[in-house]
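Examining the three-dimensional arrangement
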Amino acid sequence: MPRTLQEVVFVDGVRTPFGKAGEKGMYAQTRADDLVIKCVRELLRRHPELPKERVEEVALAATTQIGDQGLTLGRLAGLLSGLPTSTPGYSIDRMCAGAMTAVTNVASSIGVGAIDVAIAGGVEHMGRHPMGEGIDPNPRIIGERVVDESALVMGKTAENLHDRYPHLTKERCDAYAVNSQRKLAAAYAAGKVQPDLVPVATRHVEKGWGLATADEPPRPGTTLEELAGLKTPFRPHGNVTAGNAAGLNDGATACLLASEAAAAELGLPVRMRLVSHAFVGVEPEVMGIGPVPAAEKALRKAGLTIDDIGLFELNEAFAVQVIAFLDHFGIADDDERVNPWGGAIAVGHPLASSGVRLMTQLAHHFEEHPEVRYGLTAMCIGIGMGGCVIWENPAWGAVSPMDPPDDRHHADHGSDHTGTDGSEA
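Residues numbered from 1 in each chain as written. Predicted model: local features only at pLDDT ≥ 70, side-chain atom pairs only at ≥ 80, totals over all residues. Heavy atoms only, no water.

1. Description of the UniProt feature "domain: Thiolase C-terminal" (unreviewed entry) in the protein chain
Rules: UniProt positions are given in the numbering used here, feature names are shortened, and annotations may be inferred rather than shown by experiment. Runs of H or I in DSSP of at least four residues are treated as helices and runs of E of at least two as strands, each being numbered from the N terminus.
Feature annotation in UniProt assigns "domain: Thiolase C-terminal" (unreviewed entry) to the following positions: residues 271-392. What you have in residues 271-392 is 34% helix and 26% strand, and the ends, taken at the C-alpha atoms, are 9 Å apart.

2. Topic: the side chain of Thr16
Note the threshold: Should any heavy atoms of two residues lie within 4.5 Å, those residues are counted as being in contact.
Relative to the assigned elements, Thr16 resides in the loop between β1 (8-15) and β2 (19-20). Filtering out sequence-adjacent residues up to four positions away, Thr16 remains in contact with Tyr27, Leu35, Cys39, Leu197, Val198, Val200, Asp215, Gly251 and Ala252.

3. Quick word on the environment of Met26
Rules: Any residue under 20% of the maximum accessible area for its type is buried, any over 50% is exposed, and the rest in between are partly exposed; the area is computed with a 1.4 Å probe on protein chains only.
Mapped onto the fold, Met26 is located in the loop between β2 and α1 (32-46). Accessibility expressed as a relative area gives 15% for Met26, which makes it buried. Each C-alpha atom of the pair Met26 and Ile142 lies 37 Å from the other, and the pair is 116 residues apart in sequence. Ignoring anything within four residues of it in the chain, the contact list for Met26 reads Pro17, Phe18, Gly19, Lys20, Thr202, Ala212, Ala214 and Glu216.

4. Things to note about the packing of aromatic side chains
Test applied: Geometry of aromatic contacts follows a simple scheme: Phe, Tyr and Trp rings, the Trp one being its six-membered ring, pair when their centres are within 6.5 Å, and the pair is stacked under 30 degrees between planes, edge-to-face over 60, tilted otherwise. Should the NZ of a Lys or the CZ of an Arg lie within 6 Å of a ring centre and within 35 degrees of the ring normal, that charge is described as sitting over the ring.
Under the defined criterion, the tally for this structure stands at three aromatic pairs. Ring geometry for Phe10 versus Trp391: centroids 5.8 Å apart, planes at 80 degrees, classification edge-to-face. In this pair, Phe10 sits in strand β1 while Trp391 sits in strand β12 (residues 385-392), placing the two residues 381 residues apart along the sequence. One aromatic cluster is present, formed by Phe312, Phe325 and Phe329 through successive ring pairs. Seen from the ring of Phe279, Arg94 lies directly overhead, with NZ or CZ sitting 3.9 Å from the centre. Here the guanidinium or amino end of Arg373 rests over the ring plane of Trp396, the centre of that ring lying 4.5 Å away.

5. Observations regarding the packing of helix α6 (residues 170-189) against helix α10 (residues 319-328)
Our working rule: Fitted lines through C-alpha atoms give the axes, limited to the stretch in contact for helices. The angle between two N-to-C directions lies from 0 to 180 degrees. For classification purposes, an angle smaller than 35 degrees is called roughly parallel, one larger than 145 roughly antiparallel, one from 65 to 115 roughly perpendicular, and anything else oblique. Side-chain classes are defined by residue name, with Ala, Val, Leu, Ile, Met, Phe, Trp, Tyr, Cys and Pro counting as nonpolar, Asp, Glu, Lys and Arg as charged, and the others, Gly among them, as polar.
Orientation of α6 relative to α10, taken along the N-to-C sense of each, is 100 degrees, at an axis distance of 9 Å. Relative to α10, the element α6 lies roughly perpendicular. Across the interface between the two elements, Arg172, Cys173 and Tyr176 of α6 pack against Ala319, Val320, Val322, Ile323, Leu326 and Asp327 of α10. Grouping the constituent residues of the contact of α6 with α10 by class yields seven nonpolar, no polar and two charged.

The structure is reproduced here in structure tokens:
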């Protein structure tokens with residue numbers, strides 16, 4: 001008999017403070033798996049109403065699946081987080097979109113009724129495991145000219161994006177980066193970022209024992225003049241610098257997803273509803289353009305247009321990649337709907353973990369903006385891909401009892417999105 005698809009909801013998300021990769025970084029002597037275990041444990045601690053045995057899957061991502069990021073991380077982290085042996089788990093690799101893919105994978109399982117509650121997230125310890133460690137790319141991909149050599153170096157693909165769209169200038173990218181730093185500093189000053197951070201005990205050879213309670217990468221007060229003088233490591237006289245790109249970082253994220261029915265049964269909060277998602281491939285040489293067709297596909301699946309999106313959380317792997325997205329959709333570089341708390345240029349981008357950071361922040365933005373119905377999270381992905389997830393605000397319409405909700409989408413979209421492929425239940 002036909003199965004009724006279930007609504008998928010985002011319950012909660014947390015992350016560790018993000019650190020700088022390398023020997024001087026605050027997580028230099030901290031295991032990668034311990035970072036993500038801290039996040040899973042914190043989710044369970046924050047939700048005592050959720051019996052541990054009701055968690056039916058743990059999907060965790062890592063780009064470099066080796067050492068303390070390897071060996072079916074989802075299963076081992078689940079066991080070490082105190083989940084029962086009956087809770088299975090697995091690992092995911094879709095490079096920067098690992099955690100985003102973990103979310104969409106378990107959401108699909110929830111949507112078709114295979115499970116009701118799951119944890120998804122990701123971790124990247126780029127200090128211990130630089131991207132590409134231990135890999136052996138098939139030489140035929142270059143030798144047979146499937147891709148240009150630049151496709152395997154993300155910074156070079158960003159320079160290629162500048163070549164393709166010369167109006168996306170370095171000056172625009174630097175200005176965008178300065179604004180990202182400014183917005184993050186303002187969010188910290190307002191106490192908006194801190195509630196999502198899981199403190200992590202650290203040990204450092206030089207600094208001794210410590211407690212990580214804030215992000216390490218931000219450079220508040222960064223100026224255009226400072227960025228203008230930085231080197232362009234990927235090309236002589238290029239456009240991409242350490243100032244207008246995300247750095248090399250360590251950190252972890254995790255979130256709790258459930259069917260809307262299970263959330264109601266267990267008393268779990270519903271902070272977002274999943275509307276649709278899409279992953280697409282693009283030319284690897286310009287992987288930064290990936291979020292554009294991914295968003296177009298996700299919007300099409302949902303029966304929406306870009307004008308229906310009231311909030312954006314875009315991963316800032318490179319400023320040029322974000323500006324290419326904004327430029328395509330006719331959105332200003334400094335549009336206040338985009339990354340209200342700044343982005344990865346300021347806060348850091350521990351590869352496979354970043355997708356859940358975007359979602360957790362979007363959930364906060366929804367709470368502050370009940371007049372906004374739809375929000376979007378998107379990111380570019382190495383080797384030429386893009387990912388996008390569209391979410392619905394459960395608080396939408398609660399602006400004022402004298403102000404009825406906008407009905408313009410009811411006929412076409414309603415509130416019965418499945419969250420798996422955009423089709424209706």
